[in-house]
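# Topology and contacts: notes
Residues per chain, in single letters:
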Amino acid sequence: MNNTHNKMFTVLVNSYEIREKKVYYCITVSSVGVIKETYKRYSDLKELDQLWNKTAQDFKLQLKLPIFPGRSYFKRTNESVEAILARSKELQQYLQETLNIEKIHPFPSVKEFLPPSLDDSILIPNVRTGGEYSKDVCWNQMDELKRSFLEKEDRKFKKGKNINKTVNKDQRYTFFFEDYTFQNDAVVYTIYLYDSKRLTKHKFLARYSDLREYYVMMKKKKFTNPIPPFPKRKLIGQTKENPLEIQERQDQLSSFLNQIFKIPEFTQSEILIFFISKIRMEGINFTERKSRNKQPNRTSDPPMMECLCESGNIFPERDLIAPRNQSV
């Protein structure tokens, strides 16, 4: 299985520094004219490799990271320039493969290496552009401005609920359940995520059990704030058999998501950062998709559900249409 995404980032490890007899490798990651440099020791990267493997397992990503370069057992690497350069090449190959695995980009410890996305638009000291003006950056910024304008206009869009009245202005992330469908005896909810900071709107699919997995992961962490209760399963009967119960379940799940995203301690946790990042990467940017799909001589946009069934499921490693014998 190919976990990469056509080399989104180029990684170079072609220089180093000696600090207190310890080797710090200079890791340069570049993308569309933006470059970020990070200094790490071999032992730092080895610990990160272990952390990334554990986090991928915790989130059930079912991917295999590249093998981390082994230690030298005969002599210390920092005693030989030749050994340092050889180690640099090994780390470069490892990081080139690893940092281009899109599924791990939401990990905060991975983001430390990556140049900021253009819509963040804040350059920090160890980030630089290839020149005073980068053609790639400028055109992308123009595209972002155009998209931002369209998204502001699209906020006027209403469907089912009056969004302008229901969005909490003080809360960055707000969730709305639009609709549901049945896939192999399971209820699959269509959900919108609104980001009031970026002014974006993403559409994704999720089942009751998918959302509950994140709740279970949160319960294992030690938060100072109490976690709101997750909607309970029905012990008798199937929710899918009654449309009123499905609507009630939608309201309960919507309330749960919006409650936990009101609390900064939760929104800043690795679990919910990962949750939001996966929606952005694998859900559908509704405004962008809507504007791009408009064709001349067409009276309406293509059905959104067709697109969602192809790429909008934010839990790709689990078979969305697999038979299930449990309540939803």
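All of these numbers come straight from a predicted model, not from anything done at the bench. (Residues numbered from 1 in each chain as written. Predicted model: local features only at pLDDT ≥ 70, side-chain atom pairs only at ≥ 80, totals over all residues. Heavy atoms only, no water.)

### Overview of the packing of helix H6 (residues 208-219) against helix H7 (residues 243-260)
Rules: Axes here mean lines fitted to C-alpha atoms, for a helix over just the part in contact, with angles spanning 0 to 180 degrees between N-to-C directions. Only DSSP runs of H or I reaching four residues or more are called helices, and only runs of E reaching two or more are called strands; each is numbered from the N terminus. Should the near helix be turned counterclockwise from the far one by less than a right angle, the crossing is left-handed, whereas a clockwise turn marks it as right-handed. Contact between two residues is taken to exist if any of their heavy atoms lie within 4.5 Å; hydrogens are not considered. Residues are grouped as follows: Ala, Val, Leu, Ile, Met, Phe, Trp, Tyr, Cys and Pro are nonpolar; Asp, Glu, Lys and Arg are charged; all remaining types, including Gly, are polar.
It is at 12 Å that the axes of H6 and H7 come closest, and there the two elements cross at 35°. The handedness of the crossing between H6 and H7 comes out as left-handed. Seen from H6, the contacting residues are Tyr 208, Leu 211, Tyr 215 and Met 218; seen from H7, they are Arg 249, Leu 253, Phe 256, Leu 257 and Ile 260. A per-class count over the contact of H6 with H7 returns 8 nonpolar, no polar and 1 charged.

### Focus on the packing of aromatic side chains
Keep this limit in mind: In summary, the pairing rule links any two rings of Phe, Tyr or Trp, Trp by its six-membered ring, whose centres are within 6.5 Å, and it sorts them by plane angle into stacked for under 30 degrees, edge-to-face for over 60 and tilted for everything else. For each residue, the accessible area found with a 1.4 Å probe, counting protein chains only, is set against the maximum for its type, and the residue is called buried under 20%, exposed over 50%, and partly exposed in between. Our definition puts a charge over a ring when NZ of Lys or CZ of Arg is within 6 Å of the ring centre and also within 35 degrees of the ring normal.
Following the criterion strictly, the structure yields 22 aromatic pairs and no others. A centroid spacing of 5.0 Å and a plane angle of 80° characterise the contact between Phe 223 and Phe 266, whose relative ring orientation is edge-to-face. One end of the pair, Phe 223, is in the loop between H6 and H7; the other, Phe 266, is in helix H8 (residues 264-267), and 43 residues separate them in sequence. The class for Phe 266 is buried, based on a relative accessible area of 0%. Clustering of aromatic rings is evident, with ring pairs tying together Tyr 173, Phe 175, Phe 204, Tyr 214, Phe 261 and Phe 275. Seen from the ring of Tyr 39, Arg 19 lies directly overhead, with NZ or CZ sitting 5.1 Å from the centre. In this structure, Arg 87 packs its charged tip against the face of Tyr 42, placed 3.9 Å from the ring centre.

### Structural notes on the pairing of strand E6 (residues 186-195)
The criterion, for reference: Strand pairing is assigned whenever DSSP detects at least two bridges linking the two strands.
With 10 of 10 residues buried, E6 lies mostly within the body of the structure. With burial as the criterion, each face of E6 is covered, one bearing Ala 186, Val 188, Thr 190, Tyr 192 and Tyr 194 and the other bearing Val 187, Tyr 189, Ile 191, Leu 193 and Asp 195. Both strand E5 (residues 173-183) and E6 contribute to a ladder of 10 bridges, which runs antiparallel. Counted as the bridge partner of Phe 176 is Tyr 192 from E6. The hairpin formed by E5 and E6 contains 2 residues between the paired strands, and Asn 184 there has a positive phi angle of roughly 50°. Relative to strand E7 (residues 200-206), E6 runs antiparallel, the two sharing 7 bridges. Considered in E7, the bridge of Tyr 192 is made with Lys 203. Remark: 4 residues form the turn of the hairpin made by E6 and E7, two consecutive strands paired antiparallel; Leu 199 in that turn has positive phi of roughly 60°.

### Digging into the packing of helix H1 (residues 42-58) against helix H2 (residues 81-98)
The criterion, for reference: Should an angle fall under 35 degrees it is taken as roughly parallel, and over 145 as roughly antiparallel, whereas 65 to 115 is taken as roughly perpendicular and any remaining angle as oblique.
Contact geometry for H1 and H2: axes closest at 12 Å, N-to-C directions at 25°. As the angle between them shows, H1 and H2 are arranged roughly parallel. For the pair H1 and H2, the sense of crossing is left-handed. Every residue of H2 that contacts H1 at Tyr 42, Leu 45, Asp 49 and Trp 52 is listed here: Arg 87, Leu 91, Tyr 94, Leu 95 and Thr 98. Within the contact of H1 with H2, the residues separate by chemical class into 6 nonpolar, 1 polar and 2 charged.

### Thoughts on the confidence of the model for the protein chain
Filter applied, for reference: A residue's pLDDT is simply how confident the predictor is in it, with values from 0 to 100.
Chain-level pLDDT for the protein chain is 75 on average; 65% of the residues reach the 70-or-more range. In this model, residues 288-292 is a region of pLDDT below 50 whose contacts with residues beyond four sequence positions or in other chains number 9 contacts.

### A look at the pairing of strand E1 (residues 10-19)
Relative to strand E2 (residues 22-31), E1 runs antiparallel, the two sharing 8 bridges. For Glu 17, the partnering residue across the bridge sits in E2 and is Tyr 24. Hairpin connection between E1 and E2: a loop of 2 residues separates the two successive antiparallel strands, and Glu 20 in this loop has a positive phi of roughly 50°.

### A closer look at the sheet that holds E7
Pairing is antiparallel in the open sheet, where 4 strands are placed in the order E5-E6-E7-E8. Lying at the two open borders of the sheet, with one neighbouring strand each, are E5 and strand E8 (284-285). One ladder, built from 2 bridges, connects E7 with E8; its direction is antiparallel. Bridge pairing in E8 links His 202 to Asn 285. Sheet strands in contact with H6 are E5, E6 and E7, and its direction is about 105° off that of E7. Its contacts with the sheet place H7 against E5 and E6, and it is angled at close to 150° to E5.

### What to know about the nonpolar core
Test applied: Within this scheme, the nonpolar core is defined by two criteria: the residues are buried Ala, Val, Leu, Ile, Met, Phe, Trp, Tyr or Cys, and they are joined through side-chain atoms within 4.5 Å.
Counting 60 residues, the largest nonpolar core has Trp 52, Leu 99, Phe 107, Phe 175, Leu 211 and Phe 275 as the members making the most contacts within it. Among all residues touching Leu 99, those that are not within four sequence positions of it are Phe 9, Val 11, Val 29, Trp 52, His 105, Val 110, Phe 113 and Leu 114.

### What to know about H1
Our working rule: Helix span, expected: 1.5 Å multiplied by one less than the number of residues in the helix.
Given a rise of 1.5 Å per residue, 17 residues ought to cover 24 Å, and the 24 Å separating the end C-alpha atoms of H1 matches this to within 8%. Tyr 42, Ser 43, Leu 45, Leu 48, Asp 49, Trp 52, Thr 55 and Ala 56 are the residues of H1 that are buried. Considering only its buried residues, H1 is in contact with E2, strand E3 (34-40), H2, helix H3 (108-111) and helix H9 (270-282). Residue Lys 60 follows H1 closely and has a positive phi angle near 55°.

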